[in-house]
Amino acid sequence: LRRMGSGVTKGMASPTMQCTICLDDEGDVLQKGCCCRGENGAAHVDCLAVAAQHSQSFDGWAHCSTCNEAYTGRVALALAEKWVETVKDRAEEDWEWLAAHNNLTIELNEVGRHAEAETNQLRVVEMCTQAHGEGSLQTAALLGPLSTTYRLRGQPEKALAVAERGHDIRHRLLGSEDLRTLASAARLAGAYEEVGEHAKAKELHVKLFETRKRLLGPEHPNALCMGNNLANTMYLMGELVPAEKLANEMVKAHLRVYGADHRDTLTTQSTLADIVLCLGEAVQCLKILREVVPRLKKGYGDDFHITMYTTATMADAKSQLGHHLEALAELKEVRQRQMDIFGDEHSDTLRTASILGAALIRAGSVAEGVKMLKATQRQQQRILGDNHFETQATIRRRSVLDSPEKKQPEHPCSTVPV
């Protein structure tokens, strides 16, 4: 799911909160970044690590035993590093050694350390291939994070090749309807999107959505995930009206299943906001996000990557509605956060820079805005490629906003005046 199920939250120590495990408020008591609230959501990393060592599965290193949601941000990375430290004396072909390092790759990617993630995961895949074989299910499981790493490093062709390899192994060994095969197929669909093959991505998403509804039920979390993915793909293809209809259905279903504060509900609402903004409905977009952004900030923090992405979308809507000072302040703050966490070449950082360039032009700082759009486009073309959706969005922004004769600029996703 686009932007779903992962994130960056800077765990923050609070002297007024007790660790939910040892009940002590001394030391670095951090918000876990899961779905637990209040004191139930705070713990020492060392206490979580001890609990993980005594859990019956590896899940304790990455998921909260209370709410079953993944840890995020500072806690998630610290636990990943402690798990790697715990297995340092094991043989590299040992499955827990491989699982710990695979988890570290995931968390390094979450905080924007993609080069380290690539080096780590290449080693993991190499060790697994030597121990279990190139066409083994174990190797297939580790190819997914490698594909994600290539995508995040701006290498979509490599990401696609690795995603195809992992999916082929699972399809051959498990069949087309095993949940692990369906998971790798979803990753493959995302890889198709990254190289601009949206029709292939949509075809696969439709199949996955229908299969998961049939096997698991229409409101199973995996089915809802695929529904949101499909809505997002239609959005990327410019099929905005059916995308809006499906996204609305997914929001209602998520509210029934998860409630208003769950990360997946908020992510689905963010997708809907993207779509309605592309339809030229900036007022409706702002209405949605004025409820969503405070919930994201309260539950996951200002540095959670969905919070930053969604705040940038909300600022875009404000800019289009003429709230220039407020929009510029929010965009500059978000961009700085993203640069601090991800670096200036991350796709989300570049997206915010593109939106900021457009907002500067609308606010009357034309030369500064045009300069930013041009620089952002060059970076996106180099890092993401010419066919990436965000690259194309910047090109469209430039075409309608840096032309002085254009009195009514158009939204970069459509031909609707804003």
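You'll find the structure just up there.
Each chain carries its own residue numbering, running from 1 in the direction its sequence is written. A pLDDT threshold of at least 70 governs which residues receive local features in this predicted model, and a stricter bar of 80 or more applies before side-chain atom pairs are shown or counted, although totals over entire chains, interfaces and linings include all residues. Here the side-chain values reflect all heavy atoms present in the structure, with hydrogen atoms and water set aside.

Participant: Tell me about the overall build of the protein chain, and please be specific about residues and values.
Facilitator: Counting from the N terminus, the helices are the DSSP runs of H or I reaching at least four residues and the strands are the DSSP runs of E reaching at least two. What the protein chain contains, in helices and strands, is 17 helices and two strands. Projected onto its principal axes, the C-alpha positions of the protein chain cover 65 × 55 × 40 Å. Contact between two residues is taken to exist if any of their heavy atoms lie within 4.5 Å; hydrogens are not considered. Taking the contacts inside the protein chain whose residues are at least 6 apart along the sequence as the reference set, 57% of them involve residues at least 24 apart. Just so you have it, the protein chain exposes about 18,000 Å², and 50% of that area is on carbon and sulfur atoms. Mean positive and mean negative side-chain charge positions of the protein chain (49 and 56 charges, respectively) differ by 5 Å. All accessible-area figures derive from a Shrake-Rupley calculation using a 1.4 Å probe, and residue coverage is judged against the displayed protein chains alone. Charged residues are defined narrowly, with Lys and Arg counted positive, Asp and Glu counted negative, and His plus the chain ends left uncounted. Charge positions come from single atoms, namely NZ of Lys, CZ of Arg, CG of Asp or CD of Glu.

Participant: Quick rundown of the environment of His 254? Include the residues and the values.
Facilitator: Topologically, His 254 is positioned in helix α10 (residues 240-257). A C-alpha to C-alpha distance of 9.2 Å links His 254 and Gln 269, two positions 15 residues apart in sequence. A polar atom in the side chain of His 254 sits 2.7 Å from the backbone oxygen of Met 250. A 3.5 Å cut-off defines polar contacts: any pair of N or O atoms within that distance qualifies, except that in protein one atom must be a possible hydrogen donor and the other a possible acceptor, and neighbouring residues in sequence count only when both atoms are side-chain atoms.

Participant: Just give me the short version of the environment of Asp 274, but keep the residues and values in it.
Facilitator: Take Asp 274: it is sitting in helix α11 (residues 263-278). Each residue's exposure class comes from its accessible area (1.4 Å probe, protein chains only) as a fraction of the maximum for that residue type: buried when under 20%, exposed when over 50%, partly exposed otherwise. Classification of Asp 274 as buried rests on a relative accessible area of 3%. For the pair Asp 274 and Val 29, spaced 245 residues apart in sequence, the C-alpha to C-alpha distance is 36 Å.

Participant: If you had to explain the packing of α11 against helix α13 (residues 305-320) to someone new, which residues and values would you point to?
Facilitator: Note on geometry: axes are C-alpha line fits, over the in-contact stretch for helices, and angles between N-to-C directions span 0 to 180 degrees. Relative to each other, α11 and α13 sit at 30°, their axes nearing to 11 Å. Overall, the two elements α11 and α13 adopt an arrangement that is roughly parallel. Crossing angle aside, the handedness with which α11 passes α13 is left-handed. Contacts between α11 and α13 involve Arg 263, Thr 267, Ser 270, Asp 274 and Leu 277 from the first element and Ile 306, Tyr 309, Thr 310, Thr 313, Asp 316, Ala 317 and Gln 320 from the second. Roughly parallel covers angles under 35 degrees, roughly antiparallel covers those over 145, roughly perpendicular covers 65 to 115, and oblique covers all other angles. Should the near helix be turned counterclockwise from the far one by less than a right angle, the crossing is left-handed, whereas a clockwise turn marks it as right-handed.

Participant: Mind laying out the nonpolar core, listing which residues take part and the relevant values?
Facilitator: General note: in soluble globular proteins, nonpolar side chains tend to be found buried as a group. The biggest cluster of nonpolar side chains holds 52 residues, and the ones touching the most others in it are Tyr 235 and Leu 289. Those elements that place two or more of their residues in this core are α6 (156-174), α7 (179-194), α8 (198-216), α9 (221-236), α10, α11, α12 (282-300) and α13. With nine residues, the top contributor of residues to this core is α12. The set of buried Ala, Val, Leu, Ile, Met, Phe, Trp, Tyr and Cys residues whose side-chain atoms join them within 4.5 Å is what this entry labels a nonpolar core. Within the second largest apolar cluster, 41 residues are counted, among which are Cys 47, Leu 79, Val 84 and Val 111.

Participant: Report on the packing of α10 against α11, specifying residues and quantitative values.
Facilitator: α11 packs onto α10 with a crossing angle of 155° between their chain directions and a minimal axis gap of 9 Å. As summarised for this structure, α10 and α11 are arranged roughly antiparallel, according to the angle between their axes. Like other packed secondary-structure pairs, α10 and α11 cross with a definite hand, here left-handed. Every residue of α11 that contacts α10 at Leu 240, Ala 243, Glu 244, Ala 247, Asn 248, Met 250, Val 251, His 254 and Leu 255 is listed here: Asp 264, Thr 265, Thr 268, Gln 269, Leu 272, Ile 275, Val 276 and Cys 278. Think of it as three bins: nonpolar holds Ala, Val, Leu, Ile, Met, Phe, Trp, Tyr, Cys and Pro, charged holds Asp, Glu, Lys and Arg, and polar takes everything else, Gly as well. Partitioned by chemical class, the residues of the contact of α10 with α11 number 10 nonpolar, five polar and two charged.

Participant: How would you explain the pattern of salt bridges if you had to name every residue and give the values?
Facilitator: When a carboxyl oxygen of Asp or Glu is within 4 Å of a side-chain nitrogen of Lys or Arg, the pair counts as a salt bridge. A complete count under the given rule lists 21 salt bridges for this structure. One salt bridge connects Arg 295 with Asp 261, and the closest N-O pair in it is separated by 2.6 Å. Residue Arg 295 is located in helix α12, and its partner Asp 261 is located in the loop between α10 and α11; the two are separated by 34 residues in the primary sequence. Here Arg 295 falls in the partly exposed class, since its relative accessible area comes to 33%. Look at Asp 261 and you get partly exposed, because its relative accessible area is 39%. Asp 274 is the partner of Arg 351 in a salt bridge, and the nearest nitrogen-oxygen pair spans 3.7 Å.

Participant: Explain α11 residue by residue, including any values.
Facilitator: Under the convention used throughout, the expected extent of a helix is 1.5 Å for every residue step, that is, one less than its residue count. Taking 1.5 Å per residue, 16 residues should reach 22 Å; α11 reaches 23 Å between its end C-alpha atoms and fits that length. With 16 of 16 residues buried, α11 is to be regarded as a mostly interior element.

Participant: Quick one: what's the story with unusual backbone geometry, residue by residue and with numbers?
Facilitator: When glycine is set aside, most residues are seen to have a negative phi, and most peptide bonds are trans. A positive phi is found at Leu 23, a non-glycine position, where the angle reads about 65°. Summarising the element assignment, Leu 23 is placed in the segment before β1 (30-31).

Participant: Tell me about the packing of aromatic side chains, residues and numbers included.
Facilitator: Each Phe, Tyr or Trp ring (for Trp, its six-membered ring) is paired with any other whose centre lies within 6.5 Å, and the angle between the two planes then decides the class: stacked below 30 degrees, edge-to-face above 60, tilted in between. Under the defined criterion, the tally for this structure stands at three aromatic pairs. Seen from their ring centres, Phe 58 and Trp 83 are 5.4 Å apart, and the 55° between their planes marks the pair as tilted. Taken together, the residues span a long stretch of sequence, with Phe 58 in the loop between α1 (45-53) and α2 (73-86) and Trp 83 in helix α2 at a distance of 25 residues. Ring geometry for Tyr 235 against Phe 389: centres 5.4 Å apart, planes inclined by 55°, an arrangement best described as tilted. Taken together, the residues span a long stretch of sequence, with Tyr 235 in helix α9 and Phe 389 in helix α17 (residues 389-401) at a distance of 154 residues. Phe 389 shares its class with Tyr 235; the two are buried. Each member of the aromatic cluster is reached from another via a ring pair, and the members are Phe 58, Trp 61 and Trp 83. Directly above the aromatic system of Tyr 309 lies the positively charged group of Arg 351, at a separation of 3.6 Å from the ring centroid. By definition here, charges over rings are those cases where NZ of Lys or CZ of Arg is within 6 Å of the ring centre and within 35 degrees of the ring normal.

Participant: Quick rundown of the side chain of Gln 377? Include the residues and the values.
Facilitator: Structurally, Gln 377 can be placed in helix α16 (residues 366-383). Setting aside residues no more than four positions away along its own chain, Gln 377 makes contact with Thr 394, Ile 395 and Arg 398.

Participant: How would you sum up helix α14 (residues 324-341)? Please name residues and give values.
Facilitator: Taking 1.5 Å of rise per residue, 18 residues should cover 26 Å, and α14 covers 26 Å from first to last C-alpha, within 8% of that figure. Of all the positions in α14, only Ala 327, Leu 328, Glu 330, Leu 331, Val 334, Gln 338 and Ile 341 are classed as buried. Viewed end-on, α14 has its buried residues packed into an arc of 165°, placing them on one side of the element. Exposed residues pointing more than 90 degrees away from the buried face of α14 are listed as Leu 325 and Asp 340. Buried residues along α14 sit against α13 and α15 (347-362). Working note: the arc is built from the helix axis to C-beta atom directions.

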